[in-house]
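Structural characterization, general
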Amino acid sequence: EAGVTQFPSHSVIEKGQTVTLRCDPISGHDNLYWYRRVMGKEIKFLLHFVKESKQDESGMPNNRFLAERTGGTYSTLKVQPAELEDSGVYFCASSPRGRALYEQYFGPGTRLTVT
Amino acid sequence: AQSVTQLGSHVSVSEGALVLLRCNYSSSVPPYLFWYVQYPNQGLQLLLKYTSAATLVKGINGFEAEFKKSETSFHLTKPSAHMSDAAEYFCAVSLTGGGNKLTFGTGTQLKVEL
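The structure presented is a predicted model; accordingly, all values stated were derived computationally and were not measured. (Residues numbered from 1 in each chain as written. Chains lettered and ligands numbered in written order. Predicted model: local features only at pLDDT ≥ 70, side-chain atom pairs only at ≥ 80, totals over all residues. Heavy atoms only, no water.)

Here we take up the interface of chain B and chain A. Interface size is commonly expressed as the accessible area that is lost once the parts come together. At the junction of the two partners, chain B supplies 21 residues and chain A supplies 19 residues. When the two sides are added together, the surface that chain B and chain A hide from each other amounts to roughly 1700 Å², 57% of it contributed by carbon and sulfur. Together, Asn100(B), Lys101(B) and Phe104(B) form the three largest contributors to the area buried by chain B at its contact with chain A, with a combined 29%. Between the two partners, chain B and chain A, sit two salt bridges. The interface formed by chain B and chain A includes seven residue pairs in polar contact (both at pLDDT 80 or more). Taken together, the elements giving at least two residues each to the side of chain B that touches chain A come down to strand S4 (31-38), strand S5 (44-50) and strand S9 (87-95) of chain B. Considering only residue class, the side of chain B that touches chain A consists of nine nonpolar, nine polar and three charged. (Contact = heavy atoms within 4.5 Å. Buried area = accessible area lost by both parts, 1.4 Å probe. Salt bridge = Lys/Arg side-chain N within 4 Å of Asp/Glu carboxyl O. Polar contact = N/O pair within 3.5 Å; in protein donor to acceptor, adjacent residues only side chain to side chain. Helix = DSSP H or I, 4+ residues; strand = E, 2+ residues; numbered from the N terminus. Nonpolar A, V, L, I, M, F, W, Y, C, P; charged D, E, K, R; others polar.)

And the structure:
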């Protein structure tokens, strides 16, 4: 069974540009989460999808961030326009329906550098 | 709101020595508690979890943790460190019911020396 995959693994962009991160959860997992780790800080929750619906987006920093999960499969996180403080590692995680409380499976992360 | 505190951003032990990574939590309701490990260039991997069953939880790779409600702690231990245990370890909490978002500590980098 394939794990959670994320693309790209690294992205370097200039301030003001747009970047789109992609996450493919484990097949059949209804729950999908995005987290971010800014250098030296803790990993912070961004948002949670249940299938294609946003269940909780309380962690989204501002309206420059847009997350989608069309068809309840893969998800994208777009940052537009990117700012220097958006640099960090973006993690995606997924978990099965009905076992949401027990374990989230994480992807390797996308390292975003905004210069 | 819940929070997690990991004491010591860097811990160094000798191979074969006891590993003790500290985690204290704050939660207004009974929490679920987790330890994750991140090896270089990999994603986070679940080591173990506490979900209100046994207070002593055994995980993978010989790790275990004990939930102590009176101390609001969930420290991670391993009797004998191995070089392959060198990684970053994260303690996390989620609330029982609804949402299930994880709140993480700042992580502890474990170094194992010969």
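Looking now at unusual backbone geometry. In this structure, the amide linkage connecting Phe7(A) to the following residue, Pro8(A), adopts the cis form with an omega of -5°. One can find Pro8(A) in the loop between strand S1 (5-7) and strand S2 (10-13). Here the amide bond leading from Gln80(A) into Pro81(A) is cis, since omega sits at -10°, within 30 degrees of zero. Structurally, Pro81(A) is set in the loop between strand S8 (75-79) and strand S9 (88-95). For Asn61(B), which is not glycine, the phi dihedral falls at a positive 60°. Within the secondary structure, Asn61(B) sits in the loop between strand S6 (56-58) and strand S7 (64-68).

Overall, the coordinates contain ten salt bridges over all chains when judged by the stated rule. Residues Arg37(A) and Glu88(B) are paired through a salt bridge, measuring 2.9 Å at the closest nitrogen-oxygen approach. Remark: Glu88(B) occurs in strand S9 and Arg37(A) occurs in strand S4 (residues 31-37); the pair is interchain, linking two chains. Glu88(B) carries the same exposure label as Arg37(A), and that label is buried. For Glu113(B), the salt bridge is made with Lys111(B), and the minimal N-O distance between the two is 3.7 Å. One salt-bridge network, in which partners are shared between bridges, spans Arg36(A), Arg64(A) and Asp86(A). (Buried < 20%, exposed > 50% of the residue type's maximum accessible area, 1.4 Å probe, protein only.)

So, about the sheet that holds strand S3 (residues 19-24) of chain A. Residues and elements named next belong to chain A. In spatial order, the strands read S1-S3-S8-S7; together these four strands make up an open sheet with antiparallel pairing. Because the sheet does not close on itself, it has two edges, and the strands there are S1 and strand S7 (65-68). Within this sheet the neighbouring strands show an average axis-to-axis angle of 15°, counted without direction. Pairing of S3 with S8 involves five bridges; the strand directions are antiparallel. The partner of Val-19 across the bridge, within S8, is Val-79. (Pairing = 2+ DSSP bridges. Axes fitted to C-alpha atoms, helices over the stretch in contact; angles between N-to-C directions.)

Our focus in this paragraph is the sheet that holds strand S3 (residues 19-26) of chain B. Two pairing modes exist for strands in a sheet, parallel and antiparallel, and in both the strands are linked by backbone hydrogen bonds. All names here are of chain B. Reading across from one edge, S1-S3-S8-S7-S6 is the order of the five strands in this open sheet, with antiparallel pairing throughout. Sheet topology places strand S1 (3-7) and S6 at the edges, where each strand pairs with a single neighbour. Strand after strand, the sheet turns through a mean of 20° between neighbouring axes, direction not considered. Sheet topology note: the S3/strand S8 (residues 73-78) ladder contains four bridges and is antiparallel. Of the residues in S8, the one forming a bridge with Leu-20 is Thr-77.

Quick look at the pairing of S3(B) now. All names here are of chain B. The alternating pattern of S3 places Val-19, Leu-21, Cys-23 and Tyr-25 on a buried face, while none of Leu-20, Arg-22, Asn-24 and Ser-26, on the opposite face, is buried. As paired elements, S1 and S3 share five bridges and run antiparallel to each other. Following the sheet pairing, Leu-7 is matched in S3 by Arg-22.

This is a description of form; function is not addressed.
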